[in-house]
Every structure is written in structure tokens, then in C-alpha cells.
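A structural walkthrough
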Amino acid sequence: MTLVQFNGFKFVEGGVTAPKGFKAAGLHCGIRASKSKKDLALLAAAKPVPTAAVYTQNRVKGAPIEVTRRHLANGYAQAVVANSGIANTCCADGVEKAEEMCRLAAETLDIREEDMVVASTGVIGQPLPMEPIEEGMPALAGALRADGGHDFAQAIMTTDTVCKELAVEFMVGESVVRIAGCAKGSGMIHPNMATMLCFLTTDAAIAPSLLQLALSRVVADTFNMVSVDGDTSTNDTCCIMASGEAGNPQIAAQDEDFETFVNGLYAALMNLSRMIAADGEGATRLMECIVTGAETVGQAKAVAKSVICSSLVKAAVFGADANWGRVLCAIGYAPVETDVLRVEMSFASEAGSVLVCKDGMGVPFSEEKAKEVLLKDEVKILLDLHSGEESAVAWGCDLTYDYVKINGDYRS
């Protein structure tokens with residue numbers, strides 16, 4: 001899909017290895033039955049580097065999260081090992097196996113086990129077999145290369161139909177800096193930091209505490225504003241590593257350079273959020289709800305998220321039915337006070353825009369034009385609350401027959 005520009009940031013070729021100082025690899029080791037699908041991934045820096053992460057808010061958490069949190073307590077890591085196919089969640093030996101994955105990768109790379117980040121995604125409740133991981137680790141480490149980002153991105157996919165990766169380039173002072181990454185997620189997506197994983201790299205020099213602050217701040221406006229099906233997964237992890245090889249003076253305060261870095265990170269995560277929503281299981285359309293005129297950012301976010309989470313709104317978009325009453329209904333049950341008698345609503349796409357509601361009431365509009373607008377691949381729901389100056393954006397997708405088919409036999 002087309003990348004959306006933000007503040008003039010430049011997109012460049014490459015995925016998670018586009019910044020200086022990283023190598024990656026991905027291969028099929030045998031966790032998944034299909035030999036055509038990669039299922040084991042490795043990302044490595046030359047030394048321990050500042051690393052930050054955010055995780056699922058689900059009270060049921062995958063074992064890898066416990067291990068990764070412990071390893072990142074000092075704000076540094078050197079490598080990431082991840083598998084797809086099995087989530088390593090709700091298993092009696094889950095922590096033991098997550099630690100074993102770290103040990104196997106660390107021994108092969110000749111680094112400290114405590115400098116490993118570990119992640120898993122796939123079916124919940126099934127034991128993770130260690131034999132294919134142990135047997136595949138030497139070949140995986142041997143395949144590490146500076147252009148291996150695409151293989152890494154493929155190896156973390158489950159029901160994704162497209163590989164989600166990008167790289168952003170910008171200036172910090174007089175230094176060229178890159179932020180790049182890849183994400184996986186198609187179903188069980190309602191991040192609250194969904195089997196959603198995201199791995200990011202940057203060659204910026206930045207203090208660990210500020211890297212964590214930047215990630216937490218941007219995730220709140222991007223991944224936490226995405227929903228495919230309303231299910232917050234057990235294994236959500238978003239991790240960023242900073243090699244410091246761009247040569248910029250270290251970002252050590254919340255100054256202009258820090259804000260530039262935050263904006264670059266937003267450009268990356270906003271586009272990865274759109275990719276995840278567009279590739280929702282069974283989806284045919286990306287939904288984007290843009291709320292303006294809110295009293296507070298919190299109100300704007302709550303309204304936007306309520307709309308894109310509504311099964312009835314999602315079904316209407318699938319049917320290209322301009323049933324605006326469903327949107328107003330979703331605003332009404334959002335967990336914030338909103339004066340619905342001030343709401344103005346339009347549907348928009350590359351086919352144009354159609355005003356369907358003003359002052360909380362319907363207005364005459366062409367059903368034919370509305371259908372033309374709603375049949376496009378990307379559909380915007382534009383809401384002006386006419387109550388203030390704040391705004392927010394949320395991303396989702398339509399609800400189709402195929403979503404039920406995919407999840408009706410997910411384990412097979």
C-alpha cells in the first residue's frame with residue numbers, strides 16, 4: 001500500500017536492517033508444518049545497544065514477555081530471536097522454553113543470554129517444540145546479513161497476507177538518521193500496550209530512557225489506535241534497538257533533536273499501523289476514522305477507537321452501505337461524554353466525500369455517490385465534534401465473511 005507522508009520525512013528502501021549496525025535472518029526450521037513458511041527469525045547488533053519495548057496489557061501474557069522484560073531491565077540488548085506458529089503462551093514450561101531460545105541464540109552468537117530479546121507468535125496453549133529451534137539456530141545465525149531484513153519480516157508472519165516493513169530517513173543535526181522496522185499482525189488485533197509483534201531499529205545515538213519515552217509516546221498514538229477485531233492478544237511486543245552508528249550527538253534531553261526523532265518514529269509506526277489494519281484477516285478495506293473538534297485528545301481517541309471497533313460499522317463498510325446511524329451509535333457508547341447534537345459526519349475516499357450527518361441529524365445525500373465512495377480500498381470516516389480543538393486518528397478494517405472462515409479453523 002502507499003506510504004503516507006508525515007512532516008516531509010523520506011522513506012527509503014529496506015526493512016529492519018536499513019539503519020547502520022544491524023544484521024538479520026529468517027528461515028524455516030520446522031515449527032510450522034508448511035516448509036514454504038519461515039518460522040524462526042534473528043536480528044543482531046554488533047554490541048549491546050539501548051533497547052526499549054512495550055507489551056500487551058492483557059493479563060494473560062506470553063512467556064517470552066516475562067523473559068524479555070527481565071532482560072531489558074537495564075535498557076540494553078544485543079539481539080532478538082523470534083518464532084512464528086506457536087505463541088508459547090499458557091504452557092507450564094513456557095518461561096523455561098523462552099529462556100532456552102535465548103540461550104541457544106546467545107551461544108550461537110557468542111553473546112550474553114541476558115542481552116537477548118525473545119518473542120513468539122501463533123497458536124496459544126500448544127507446547128513450543130525446541131528441537132527444530134536448536135537444530136535451526138546455527139543455520140539461522142550463519143545467514144545473518146545486512147540485507148536480511150525481509151527474511152526476518154517473513155519469519156514472524158502468521159495469517160498476514162503481506163510483509164509489513166519500511167524505513168524512514170531524516171536529519172538529526174548534521175547526521176543522517178534512519179528508523180526502520182517490520183511488524184506482523186492480521187487477526188487478534190486490538191493492541192493495548194494482538195498477536196502483534198513489531199521490531200524496530202535505528203542508528204540514532206539516544207539515551208535508553210529517552211528511547212523508551214519516545215516509543216511509549218508514539219505507540220499510544222499509533223498501534224494503540226488500531227483494531228481489527230477487538231481482541232487484545234497475549235503476546236503483543238514492540239521493541240526498538242538503537243545502534244548509535246549514525247554519528248549524531250547523543251539525544252540525552254527532551255530537546256529539538258528528541259522531537260525530530262519522535263516525529264520520525266511516528267512516521268514509521270503510523271504507516272505500520274495502517275499496514276496492519278489494511279491486512280486484517282479477511283479484510284477488503286482499510287478504515288480510517290479521523291476525529292476533529294474534540295474537547296480533549298482523550299475524547300478524540302475514545303470516539304475514533306469506538307467507531308473503528310464497531311462490528312456494525314465494519315460490516316456496513318464491507319457492504320458499502322452508508323449507514324451513518326451506526327457510526328453515531330458508536331460515538332454514543334464511547335466511554336466519554338460527547339454532545340451528539342454537534343456532530344458532523346462525512347464518508348470520504350479517493351472517489352470524493354459525502355456529508356451524511358450534521359448537528360447529529362441526517363442530511364440528504366446521494367446513496368449512489370456514497371456507495372462509490374465506500375467501495376474504494378481506503379475509506380475515511382470524518383467526524384467533527386464541534387466542541388474543541390483536539391483531534392485523533394484510528395485505523396481498522398471491514399468485517400467480512402472470510403474473517404469468520406479464517407478463525408473458524410485457525411488451528412488447522
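So, here is what we can say about the structure in this document. (Residues numbered from 1 in each chain as written. Predicted model: local features only at pLDDT ≥ 70, side-chain atom pairs only at ≥ 80, totals over all residues. Heavy atoms only, no water.)

The set of residues buried in helix α9 (residues 324–332) consists of Val 327, Leu 328, Ala 330 and Ile 331. End-on, the buried residues of α9 take up no more than an arc of 155°, which puts them together on one face. If you follow the buried residues of α9, they end up packed against α7 (297–309), α8 (311–318), β11 (344–349), β12 (352–358) and β14 (378–384). (Buried < 20%, exposed > 50% of the residue type's maximum accessible area, 1.4 Å probe, protein only. Helix = DSSP H or I, 4+ residues; strand = E, 2+ residues; numbered from the N terminus. Arc of directions from axis to C-beta. Contact = heavy atoms within 4.5 Å.)

We now examine the pattern of salt bridges. It is possible for side chains of opposite charge to pair when their charged atoms get near one another. The tally for this structure, following the rule as stated, stands at 24 salt bridges. A salt bridge links Lys 97 to Asp 93; the nearest nitrogen and oxygen atoms lie 3.0 Å apart. The salt bridge involving Lys 164 is made with Asp 160; its shortest N-O contact spans 2.6 Å. An identical accessibility class is assigned to Lys 164 and Asp 160; each is buried. Members of the salt-bridge network, linked through shared partners, are Lys 38, Arg 145, Asp 147 and Asp 151. (Salt bridge = Lys/Arg side-chain N within 4 Å of Asp/Glu carboxyl O.)

Take the packing of helix α5 (residues 208–221) against helix α6 (residues 256–278) next. Running from N to C, α5 and α6 point in directions that differ by 45°, and their axes come no closer than 9 Å. Between α5 and α6, the angle is such that the two are oblique. In terms of crossing hand, the pair formed by α5 and α6 is right-handed. In contact with Leu 210, Leu 211, Leu 213, Ala 214, Leu 215, Arg 217, Val 218, Val 219 and Asp 221 of α5, α6 contributes Phe 258, Glu 259, Phe 261, Val 262, Leu 265, Tyr 266 and Leu 269. Partitioned by chemical class, the residues of the contact of α5 with α6 number 13 nonpolar, no polar and three charged. (Axes fitted to C-alpha atoms, helices over the stretch in contact; angles between N-to-C directions. Parallel < 35°, antiparallel > 145°, perpendicular 65-115°, else oblique. Left-handed = near helix turned anticlockwise from the far one by under 90°. Nonpolar A, V, L, I, M, F, W, Y, C, P; charged D, E, K, R; others polar.)

Here we take up a nonpolar patch on the surface. Residues Val 340, Leu 341 and Met 361 make up a contiguous nonpolar surface patch of roughly 260 Å² in combined accessible area. By secondary structure assignment, the location of Leu 341 is in the loop between α9 and β11. (Patch = residues over 30% accessible without salt bridge, like charges linked within 9 Å, V, L, I, M, F, W, Y side chains within 5 Å. Areas by Shrake-Rupley, 256 points an atom, 1.4 Å probe, with all protein chains shown as cover.)

Our next topic: the state of the cysteines. For the structure shown, the criterion picks out zero disulfides. Distance from the sulfur of Cys 163, which forms no disulfide, to the nearest cysteine sulfur (Cys 182) is 7.0 Å. With relative accessibility at 25%, the residue Cys 163 sits in the partly exposed group. Not part of a disulfide, Cys 309 finds its nearest cysteine sulfur in Cys 397, a span of 10 Å. (Disulfide = S-S within 2.5 Å.)

Our focus in this paragraph is the side chain of Thr 234. Tracing the backbone shows Thr 234 in the loop between α5 and β9 (237–242). Only 2.5 Å separates the side chain of Thr 234 from the side chain of Asn 235, close enough to count as a polar contact. For Thr 234, the contacting residues outside a window of four places in its chain are Thr 56, Asn 58, Val 60, Lys 61, Gly 62, Ile 65, Thr 89 and Ile 124. (Polar contact = N/O pair within 3.5 Å; in protein donor to acceptor, adjacent residues only side chain to side chain.)

On to the packing of aromatic side chains. Scanning all chains against the criterion turns up five aromatic pairs. Ring geometry for Phe 6 and Phe 9: centres 6.4 Å apart, planes at 5°, overall stacked. Grouping aromatic residues by their ring pairs yields a cluster made of Phe 6, Phe 9, Phe 170 and Tyr 266. (Phe/Tyr/Trp six-rings, centres within 6.5 Å; stacked < 30°, edge-to-face > 60°.)

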